[in-house]
Amino acid sequence: NKIVVVILEPDISFKSILDIQKEVDEKNEIVRVIRGANGTTLITTEDFLDKIEKTFKQSILKTSKDLVEVMLKSSSRLESVPGVTGYIYSLFGEHDINILETISCWTDTILIIKNEDLPKAMDLLSFNF
């Protein structure tokens, strides 16, 4: 919990991102970086928000706080099953839970949602998976 998502301009220095990543890694916290065509998404704990804001002052497009990370672990066989991600999204949507970010890494599907939606998500996941 206490996750923050910071959207940065797409042309930011990757060296600056690596510096922050190194600091986060040293404290055994999470850091995820996704580079897209229109921005770079930096996901980490709120502990590092001040450092991020100081490092990227003029390059921050959007900041979202009070978030949590929900990690769904699955079998490697699931990657060949069509519609799994769509099913997960539809379940969350039907329960009025907005998924702000999604990251997939082989058998891990990581969803970023608002902290206030965590009880609904936990209830949903305990009965459906």
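Preceding block: the structure.
Cut-off values and rules
- Residues numbered from 1 in each chain as written.
- Predicted model: local features only at pLDDT ≥ 70, side-chain atom pairs only at ≥ 80, totals over all residues.
- Heavy atoms only, no water.
- Helix = DSSP H or I, 4+ residues; strand = E, 2+ residues; numbered from the N terminus.
- Buried < 20%, exposed > 50% of the residue type's maximum accessible area, 1.4 Å probe, protein only.
- Contact = heavy atoms within 4.5 Å.
- Areas by Shrake-Rupley, 256 points an atom, 1.4 Å probe, with all protein chains shown as cover.
- Lys, Arg positive; Asp, Glu negative; His and termini not counted.
- Charge placed at Lys NZ, Arg CZ, Asp CG, Glu CD.
- Salt bridge = Lys/Arg side-chain N within 4 Å of Asp/Glu carboxyl O.
- Arc of directions from axis to C-beta.
- Expected span 1.5 Å × (residues − 1).

## Details of the overall build of the chain
- From N to C terminus, the chain includes four helices and six strands.
- Ordered by position in the sequence, the α and β elements of the chain form the string β-α-β-β-α-β-α-β-β-α.
- Overall, the C-alpha framework of the chain stretches about 40 × 30 × 30 Å when taken along its three principal axes.
- Out of the 129 residues in the chain, the part that is buried amounts to 36%.
- A separation of at least 24 residues holds for 67% of the contacts in the chain among residues at least 6 apart in sequence.
- Of the accessible surface of the chain, which amounts to about 8000 Å², a share of 49% is contributed by carbon and sulfur atoms.
- Of the side chains in the chain, 15 bear a positive and 21 a negative charge, and the two mean positions are spaced by 4 Å.

## With respect to the pattern of salt bridges
- This structure, assessed with the given rule, holds five salt bridges.
- The salt bridge involving Lys 51 is made with Glu 23; its shortest N-O contact spans 3.6 Å. With Lys 51 in helix H2 (residues 49-55) and Glu 23 in helix H1 (residues 14-26), this pair connects stretches of sequence that are 28 residues apart.
- Here Lys 120 and Asp 117 are joined by a salt bridge, their closest N and O atoms 3.4 Å apart.
- Taking relative accessible area as the criterion, Asp 117 reaches 7% and is therefore assigned buried.

## Description of helix H3 (residues 84-94)
- Listed as buried for H3 are Ile 88, Leu 91 and Phe 92. One side of H3 holds all its buried residues, which, seen down the axis, span an arc of 95 degrees.
- After H3 finishes, the residue Asp 96 shows a positive phi value of roughly 60 degrees.

## Points about H1
- Helix length check: H1 (13 residues) gives 18 Å between terminal C-alpha atoms against 18 Å at 1.5 Å per residue, within 8%.
- Along H1, the residues classified as buried are Ile 17, Ile 20 and Val 24. Projected onto a plane normal to the axis of H1, the buried residues spread over an arc of 65 degrees and lie on a single side. Away from the buried face of H1 by more than 90 degrees, exposed residues Lys 15, Lys 22 and Glu 26 are located.
- Packing partners of the buried residues in H1 comprise strand S1 (3-8), strand S2 (31-35), strand S3 (40-45) and H2.

## Some remarks on the environment of Gly 39
- Secondary-structure assignment places Gly 39 in the loop between S2 and S3.
- On the accessibility criterion, Gly 39 (11% relative accessible area) is buried.
- Gly 39 sits 86 residues away from Leu 125 along the chain, and the two C-alpha atoms are 31 Å apart.
- In contact with Gly 39, other than residues within four places in its own chain, are Leu 8, Glu 9, Pro 10 and Ile 34.

## What to know about the environment of Leu 124
- Considering the arrangement of structural elements, one finds Leu 124 in helix H4 (residues 118-128).
- For Leu 124, a relative accessible area of 3% translates into the label buried.
- In this structure the C-alpha to C-alpha distance between Leu 124 and Glu 46, which are 78 residues apart in sequence, comes to 26 Å.

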